[in-house]
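Chain by chain, the residues:
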Amino acid sequence: HTARKKWTHYFWEFLMLFLAVFCGFLAEYQLEHKIERDRAKELAKNLYDELKNDSANVVLKSENRVKQENALKYLIKYFKDSSLTNVSKPFVLSFLYGINFRSPTLFEPRTIVLEQLKNSGALRYFKNNELQKLIGDLSVAINNINDRRELESSIRLDYINPLMIRHFDFDFQSQLTQDGSISIFDAANEYEKNMEIIPFQLKSLDKLDKQYAINILNNYCFNALNSTRTLHFKKYIEVNAEVLKLLRKEYRLK
């Protein structure tokens, strides 16, 4: 014969079972939150490193653009006021920096971590609403820069490259770079510093429409390079700085 258990016995059994399940739930809940926090910090660190590198890069590209814009302004004035039969060394350097060079001013933001955040849904790990908004603003700024890069590429393809191919002295470039054994960038930098004069003769001068060339250079300088730098680069720099500042604050990054 088995004695009947009191109701209090069943109550305590239920309570113990409930507490065991509840504590398991709390442990799992805490573990999930820890995993999310760790994942958020990892993503924040990766995004921080990506943006920090680009923040330095875009400043350098902006400085190079200022140099290119000044070179184009010099060319515009020279085309208006000076003879093109025997051009000066500053004209030649301005032709190189203003027309021939592009990559020193080309800024391509890295978006590996940013795209991972958006496409995988990992942006939810960032609980700060302001940070989420700023990341959205950053995406818009990057898209605008990419659109401007396409615009600049089309202007170069349609107008700048034909002008260079028709009138540039490639014999000068061959001598400057020692038949390509030195990069054009290093060679131009060295040529700018020394007193050497390498002969340069604009080609097909009889086919050069000065006013048309001036219009091309003005369009490229002000409607492409300058507006991209003063509007879209500037906006990216501002948003980039705000995101870095908030990431440092939220995740104690350096």
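Structure's up top.
Residues numbered from 1 in each chain as written. Predicted model: local features only at pLDDT ≥ 70, side-chain atom pairs only at ≥ 80, totals over all residues. Heavy atoms only, no water.

**A few points about the packing of aromatic side chains**
Scanning all chains against the criterion turns up 15 aromatic pairs. With centroids separated by 5.5 Å and ring planes inclined at 80°, the aromatic side chains of Y97 and F101 adopt a geometry described as edge-to-face. The residues Y97 and F101 share a single accessibility class, namely buried. Summarising the aromatic geometry, the rings of F168 and F170 are spaced 4.9 Å apart at their centres and angled 85° between planes, so their arrangement reads as edge-to-face. (Phe/Tyr/Trp six-rings, centres within 6.5 Å; stacked < 30°, edge-to-face > 60°. Buried < 20%, exposed > 50% of the residue type's maximum accessible area, 1.4 Å probe, protein only.)

**Considerations on the pattern of salt bridges**
Taken as a whole, this structure holds 10 salt bridges when the rule is applied. In this structure, the salt-bridge partner of D54 is R110, at a minimum N-O distance of 3.4 Å. Of the two residues, D54 sits in helix α1 (residues 7–81) while R110 sits in the loop between α2 (89–100) and α3 (112–120), which places them 56 residues apart along the sequence. Overall, D54 belongs to the buried group, its relative accessible area being 1%. With a closest N to O distance of 3.3 Å, K118 and E115 form a salt bridge. Taken together, the positions of K118 and E115, both in helix α3 and 3 residues apart, correspond to about one turn of that helix. (Salt bridge = Lys/Arg side-chain N within 4 Å of Asp/Glu carboxyl O. Helix = DSSP H or I, 4+ residues; strand = E, 2+ residues; numbered from the N terminus.)

**Description of the environment of L217**
Note on placement: L217 falls in helix α7 (residues 210–251). Between the C-alpha atom of L217 and that of I99, which follows or precedes it by 118 residues, the distance is 8.5 Å. Residues in contact with L217, not counting those within four places in the same chain, are L72, L75, I76, F79, I99 and L163. (Contact = heavy atoms within 4.5 Å.)

**Comments concerning the nonpolar core**
Membership of the largest hydrophobic core comes to 39 residues, with the highest contact counts inside it found for F79, F91, L96, I99 and F172. Secondary structure elements with two or more residues in this core: α1, α2, α4 (129–167), α5 (170–176), α6 (184–193) and α7. At 8 residues, the largest contribution of residues to this core is made by α7. Look past the residues within four positions of F172 in its chain and what remains in contact with it is V92, L96, Y191, I198, P199 and F200. (Core = buried A, V, L, I, M, F, W, Y, C linked by side-chain atoms within 4.5 Å.)

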